[in-house]
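Structural description and commentary
Below, each chain spelled out in residue letters.
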Amino acid sequence: MKIVVIGGSGLIGSKLVTKLREQGHEAIAASPNSGVNTITGEGLAGVLKGAAVAVDVSNSPSWEDAAVLKFFETSTRNLLTYEAAAGVKHHVALSVVGTDQLSESGYFRGKIAQELLIKESSIPHSIVHATQFFEFLKGLADISVEGDKVHLPPVLFQPMAAEDVASGVARVAVGPPVNGIVEIAGPEQFRVDELVRRRLASLKDPREVIADPHARYDGAEVGERTLLPGKDARLGETRFADWLRSPASQIPRAKPQSAAAATATKRA
Ligand SMILES: NC(=O)c1ccc[n+]([C@@H]2O[C@H](COP(=O)([O-])OP(=O)(O)OC[C@H]3O[C@@H](n4cnc5c(N)ncnc54)[C@H](OP(=O)(O)O)[C@@H]3O)[C@@H](O)[C@H]2O)c1
């Protein structure tokens, strides 16, 4: 099956392309680096020709509120238009567990807009909601800095390894469209402040992490269980302590992407 992976050069996209190829599929990594741009439309018609499935694991290069919204709206609209013209039978997109409850966050307003466009489109779809990636924990610290300390709400979450995210998305991509949401998550629950503290310690990052019940998660107020998946979530296998000992944890993922993100690094 020809499967086009939009954002195929990214953290999840590159792992996804490898997994799909290992399963014998013709997986194409598409992104601006390979001449495919969902904002301008460049390369979309060509790459989608003959594709059965398109998987969108792209992310906005800027995290500034208006820019994120514009990215996900423009990109998704273009992608769905070109997919319809090419006769693509299944649109798969990666989003985040709890997205619909996080509209106070500019980033999540972008994801909500993306999901709405997908639901309104005529193309059969599956939206994969993943929990936070282990690889994102340092980025989460970076976007949660107040003064010289990291302020995070001590709420529950169930993060997962990027490798398991890619496996979960691959499984959905080769299956029939669910025309709804599939949740995927890690095998263990933690408190957000606790795990970010452990991650920073592993990176020898000296910043202090404060458990602050009034702190926001990426600009949104969250409750004890807002970030948790439902009971039907498919769980990845990788435990945090094992991931921390693996080569995957050696990359802190620092990549400032815009003026607005100058104080942050990699985000969701
Ligand atoms: N981080 C988390 O904890 C988390 C949790 C759940 C879900 N998610 C979701 O996971 C998705 C993927 O995240 P990630 O960390 O794997 O992303 P990433 O590593 O930042 O990769 C982003 C990808 O998007 C591509 N891209 C950027 N602009 C594009 C454009 N105009 N046209 C086509 N492709 C474009 C990039 O291509 P180039 O390399 O060519 O620039 C790159 O391949 C995101 O949608 C995010 O919302 C994240």
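In what follows, the structure referred to is the one given above.
First, a word on scope: everything that follows refers to the structure included in this document. (Residues numbered from 1 in each chain as written. Predicted model: local features only at pLDDT ≥ 70, side-chain atom pairs only at ≥ 80, totals over all residues. Heavy atoms only, no water.)

1. Let's talk about the overall build of the protein
Test applied: Going along the chain from the N terminus, every DSSP run of H or I of four or more residues is numbered as a helix, and every run of E of two or more is numbered as a strand. Throughout, radius of gyration means the C-alpha value; the globule benchmark is 2.2 Å times the number of residues raised to the power 0.38. Residue contacts follow a heavy-atom distance rule, with two residues in contact if any of their heavy atoms lie within 4.5 Å. Charged-residue counts in this description rest on Lys and Arg as positive and Asp and Glu as negative, His and the chain ends being excluded. Working definition for charges: the position is that of NZ of Lys, CZ of Arg, CG of Asp or CD of Glu.
In terms of regular secondary structure, the protein is built from eight helices and twelve strands. Relative to its length of 268 residues, the protein is compact, with a C-alpha radius of gyration of 18 Å against a globular reference of 18 Å. Taking the intrachain contacts of the protein between residues at least 6 apart in sequence as the baseline, contacts between residues at least 24 apart amount to 81%. Here the protein holds 30 positive side-chain charges and 31 negative ones, and the gap between their average locations is 4 Å.

2. Considering unusual backbone geometry
In plain terms, the rule: Only protein chains enter the area calculation, which uses a 1.4 Å probe; residues under 20% of their type maximum are buried, those over 50% are exposed, and those in between are partly exposed.
Although it is not a glycine, Asn179 sits at a positive phi angle of roughly 50°. For Asn179, the position within the fold is in the loop between helix H6 (162-173) and strand S9 (181-185). Phi at Asp218 takes a positive value of approximately 50°, unusual for a residue other than glycine. Relative to the helices and strands, Asp218 is located in the loop between strand S11 (209-211) and strand S12 (234-235). With a relative accessible area of 16%, Asp218 lands in the buried category.

3. Description of the packing of aromatic side chains
In plain terms, the rule: Paired rings are identified among Phe, Tyr and Trp, the last through its six-membered ring, by centres lying within 6.5 Å, and are further divided according to the angle between planes into stacked (under 30 degrees), edge-to-face (over 60) and tilted (the rest).
Taken as a whole, this structure holds eight aromatic pairs when the rule is applied. Both rings, one in Phe72 and one in Tyr107, keep their centres 6.0 Å apart while their planes meet at 85°; by these two values the pair is edge-to-face. Here Phe72 is found in helix H3 (residues 65-86), whereas its partner Tyr107 is found in helix H4 (residues 106-120), with 35 residues between them in sequence. The two residues Phe72 and Tyr107 agree in class, both being buried. Measuring from ring centre to ring centre gives 5.9 Å for Phe190 and Phe240, while their planes differ by 70°; the resulting arrangement is edge-to-face. Of this pair, Phe190 sits in strand S10 (residues 190-191) while Phe240 sits in helix H8 (residues 240-245); the two residues are 50 residues apart in sequence, bridging distant segments of the chain. The exposure class assigned to Phe240 is buried, which follows from its relative accessible area of 0%.

4. Some details on the environment of Gly139
Structurally, Gly139 is set in helix H5 (residues 137-142). Considered as a pair, Gly139 and Arg191 are 52 residues apart in the sequence and their alpha carbons are 16 Å apart.

5. What about the packing of helix H1 (residues 11-22) against H6?
Operational definition: Simply put, an axis is a line fit to the C-alpha atoms, just over the touching stretch for a helix, and the angle between two N-to-C directions goes from 0 to 180 degrees. Note on angle classes: values under 35 degrees are labelled roughly parallel, values over 145 roughly antiparallel, values of 65 to 115 roughly perpendicular, and the remainder oblique. Throughout, a crossing is termed right-handed when the near helix is turned clockwise from the far one, and left-handed when it is turned anticlockwise from it by less than a right angle. Gly is put with the polar residues, along with every residue not named as nonpolar or charged; the nonpolar set is Ala, Val, Leu, Ile, Met, Phe, Trp, Tyr, Cys and Pro, and the charged set is Asp, Glu, Lys and Arg.
Two numbers describe how H1 lies on H6: the axes approach to 8 Å, and their chain directions differ by 55°. When the interaxial angle is binned, H1 and H6 end up oblique. The interaxial crossing formed by H1 with H6 has right-handed handedness. Here H1 contributes Leu11, Ile12, Lys15, Leu16, Lys19 and Leu20 to the contact with H6, which in turn contributes Ala162, Glu163, Val165, Ala166, Ser167, Val169 and Ala170. Of the residues that constitute the contact of H1 with H6, the class distribution is nine nonpolar, one polar and three charged.

6. A few points about the sheet that holds strand S7 (residues 149-152)
This is how it is decided: We call two strands paired when DSSP finds no fewer than two bridges between them.
Ordered in space as S6-S7-S11, the three strands form an open sheet in which the pairing is mixed. Strand pairing shows two members of the sheet lacking a second neighbour, strand S6 (145-146) and S11, which therefore form its edges. Across three bridges, S7 lies against S11 in parallel orientation. Within the sheet, the bridge partner assigned to Val150 lies in S11 and is Val209. Across the sheet, helix H7 (residues 192-202) lies against S7 and S11, angled at about 170° from S11, the strand it touches most.

7. Quick notes on H1
Because each turn of an α-helix spans 3.6 residues, side chains separated by three or four positions in sequence point in the same direction. We apply this condition: Any helix carries an expected span of 1.5 Å times its number of residues minus one.
The end-to-end C-alpha distance of H1, which contains twelve residues, comes to 18 Å, matching closely the 16 Å that a straight helix rising 1.5 Å per residue would cover. Every buried residue of H1 is listed here: Leu11, Ile12, Gly13, Leu16, Val17, Lys19 and Leu20. Positive phi appears at Gly24, one or two residues downstream of H1, with a value of about 90°.

8. Some details on the pairing of S7
Bridge analysis of S6 against S7 gives two bridges, and the strand direction is antiparallel. Following the sheet pairing, Val145 is matched in S7 by Val150. Here S6 folds back onto S7 in antiparallel fashion, the turn holding two residues, of which Gly147 has a positive phi close to 65°.

9. Here we look at the side chain of Asp56
The following threshold applies: Within this document, salt bridges are pairs made up of a side-chain nitrogen of Lys or Arg and a carboxyl oxygen of Asp or Glu, the two lying within 4 Å of each other. Residues adjacent in sequence count toward polar contacts only when both atoms are side-chain atoms; beyond that, a polar contact is any pair of N or O atoms within 3.5 Å, and within protein one must be able to donate a hydrogen and the other to accept it.
Following the sequence through the fold, Asp56 ends up in strand S3 (residues 53-56). Here Asp56 sits buried without a salt bridge, and the closest side chain of opposite charge, Lys111, lies 6.8 Å off (N-O distance). One polar contact links Asp56 to Ser58, side chain to side chain, over a distance of 2.7 Å. If sequence neighbours within four positions are ignored, Asp56 has contacts with Ile6, Leu79, His91, Val92, Ala93, Leu94 and Gln114.

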